[in-house]
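A closer look at the structure
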Amino acid sequence: MTRKDEPKQFELEEKIWGRRLYEGDEITLLLEFLNTVFLGKFDNKNLPKTPLITCESHLLLRALIFANSYLSHADSWDLWEAKFKQNLEDNCLPLSNWNANNLKGTFTNFDDFKKAILLIQRSLPVDTSGRKWNNRFLFPWSKAQLFPDVEIKNSGSIEESVSCKRHYFGHTGEIAYLLLCLADNREELQQKLEKKFDPSNSPMARLCSLIEKDSSTGPCVNFQEGSGFLPSDYNQSSVIKHRVEWLCKDLLALLSLRLRTEDIVNPMGKIIGLHLLCYQIERAQEISQDPRFKKDGKPYFLCEVLQKKPSPVRRASIANHKMNQTLGFQVLSEVFSRLYDMLIEDNKNGTNRLDGSAPKTLSTVENEIYLELQSRLEEDADPEEQKKTFYDQIRKKYEKHLGIFHQRMANFIGLSSRELTNSYRYTVNSDLLLALAAVNVPDKYIPVRVFLDSLFEKYGIFFDELRSSKTLSTFQIEQKDLANNYGRLLEQFKSLGILYHLSDGFDYICNPYERENSDEQ
């Protein structure tokens, strides 16, 4: 069967979580998010879908950085220019009239230009060596360093030969953008992001601007309107609203710190990724009617503080990870089976004649899923055989992207690891801990118990017996094991330099960074 002959995929998971919640690393997530924020703005008039977004492709700058392998061996403008132009032709880059005159006018000599390009190449934190040069991205030193995923054809004008295929770009970050369009303080967030990622604030951004000086940053490519969207009940869901406000509050707290742009992007990507992990679990629990999946509607991450030998905490954390990893498909399966069986029963009873209607007792999302299943039924087919066929199609689609989102995002942001084990379990690494301290310690320092309460309330992260007792899950861990885990956590805080033990006998967590409104010089 050719791709054109394949049946249209079910959109059941999109109806629950929205479209484009895909696996990926936190830096690409942040690039996707920032690109949509700066070009689409936090405007909720277009909700629940993304607006039409037009992006500059920066093809010349991108080629100079990622398709310029001869540069390190060149020692003069003439030799390098000839090789580079040949490379453009080999890569089918439609810039046949390009020459190096603008670059020669910007840089006093070839050696300075060479050093500038090599500096940018060596400053990129994300390894994209496995991608084609036109699918690579710059580190977000400013809002000018945001490139779309570009596809180049071998024919037509430069505008016709360049398009946005979005193989690697514009996925999960769009969901974060759409969610934040619902935030009460979205305008303040927009202003702070614009200020933090202003090109004039970064020497590397200014360097990129010099290289592009007097050169075209086009051709432009479009992100189609509606390429990403939220579930249709986004305005009726208290779960979504709470998650949105927490995410917005965290980003505002992060942006209020005295940090350079290059220092803020890593914790920002981790914080957004963490909230999206919580969003995936919360939405699954909200949609489910099975109490085993629904529980109390909160995500839980039992985190082991690393140690060499196995422990009951590690075993429970592994089980916790497996439970969260499989929850999405379990809920999807439960919703599908329940609504499919209801549809078949309605047809048997004559209460539904495939007339495009659904039972009034269903929620908005359930109604949409019911109607989609209704539209796919074949009258003469065996219901059980159809159910199995539908189930296999839904499973295969889910496993391809959304099914691995939890595992990969948790690993990328530092919430899970397989270090010293064969299975993933939750363990907060040092970078994520520092990011959590940065956004959850509003003053110079707060008591450790207050900090841990905040982690538990906002993200479901916990380490000790006190917060374990508040979950509805039975982790079967003795108090002494959790107490040992808590003791190692304090040692981790201490090693990071964020633990204060004051004369009152209590432990405090300090914010590792100053806030902009701090009175200290």
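As a starting point, this report considers the structure included with it. (Residues numbered from 1 in each chain as written. Predicted model: local features only at pLDDT ≥ 70, side-chain atom pairs only at ≥ 80, totals over all residues. Heavy atoms only, no water.)

**Things to note about the pattern of salt bridges**
Two side chains bearing opposite charge may form a pair once their charged atoms approach each other closely. In plain terms, the rule: Definition used for salt bridges: Asp or Glu carboxyl oxygen within 4 Å of a side-chain nitrogen of Lys or Arg. Per the convention used, a helix needs a DSSP run of H or I reaching at least four residues, while a strand needs a run of E reaching at least two, with both numbered from the N terminus. Each residue is placed in one exposure class: buried if its accessible area under a 1.4 Å probe, protein chains only, is under 20% of its type's maximum, exposed if it is over 50%, and partly exposed if it falls in between.
Following the criterion strictly, the structure yields 31 salt bridges and no others. With a shortest N-O distance of 2.8 Å, K41 and E194 are connected by a salt bridge. Note that K41 is positioned in the loop between α2 (26–40) and β1 (53–56) and E194 in helix α9 (residues 186–196), a separation of 153 residues in sequence. Taking relative accessible area as the criterion, K41 reaches 37% and is therefore assigned partly exposed. Of the residues examined, E194 reaches a relative accessible area of 17% and is grouped as buried. Taking the shortest distance from any N to any O, the salt bridge between K192 and E188 comes out at 3.8 Å. Of this pair, K192 and E188 both sit in helix α9, 4 residues apart, which is roughly one turn of the helix. Given the relative accessible area of 29%, K192 is considered partly exposed. Accessibility expressed as a relative area gives 36% for E188, which makes it partly exposed. In this structure, a network of salt bridges that share partners links the residues K388, D392, R395 and E399.

**Describing helix α21 (residues 479–496)**
The criterion, for reference: Take the number of residues in a helix, subtract one, and multiply by 1.5 Å to get its expected span.
Taking 1.5 Å of rise per residue, the 18 residues of α21 would be expected to cover 26 Å, and the 26 Å separating its terminal C-alpha atoms lies within 8% of that figure. Along α21, the residues classified as buried are D481, L482, N485, L489, L490, Q492 and F493. Looking at the residues trailing α21, positive phi occurs at G497, about 75°.

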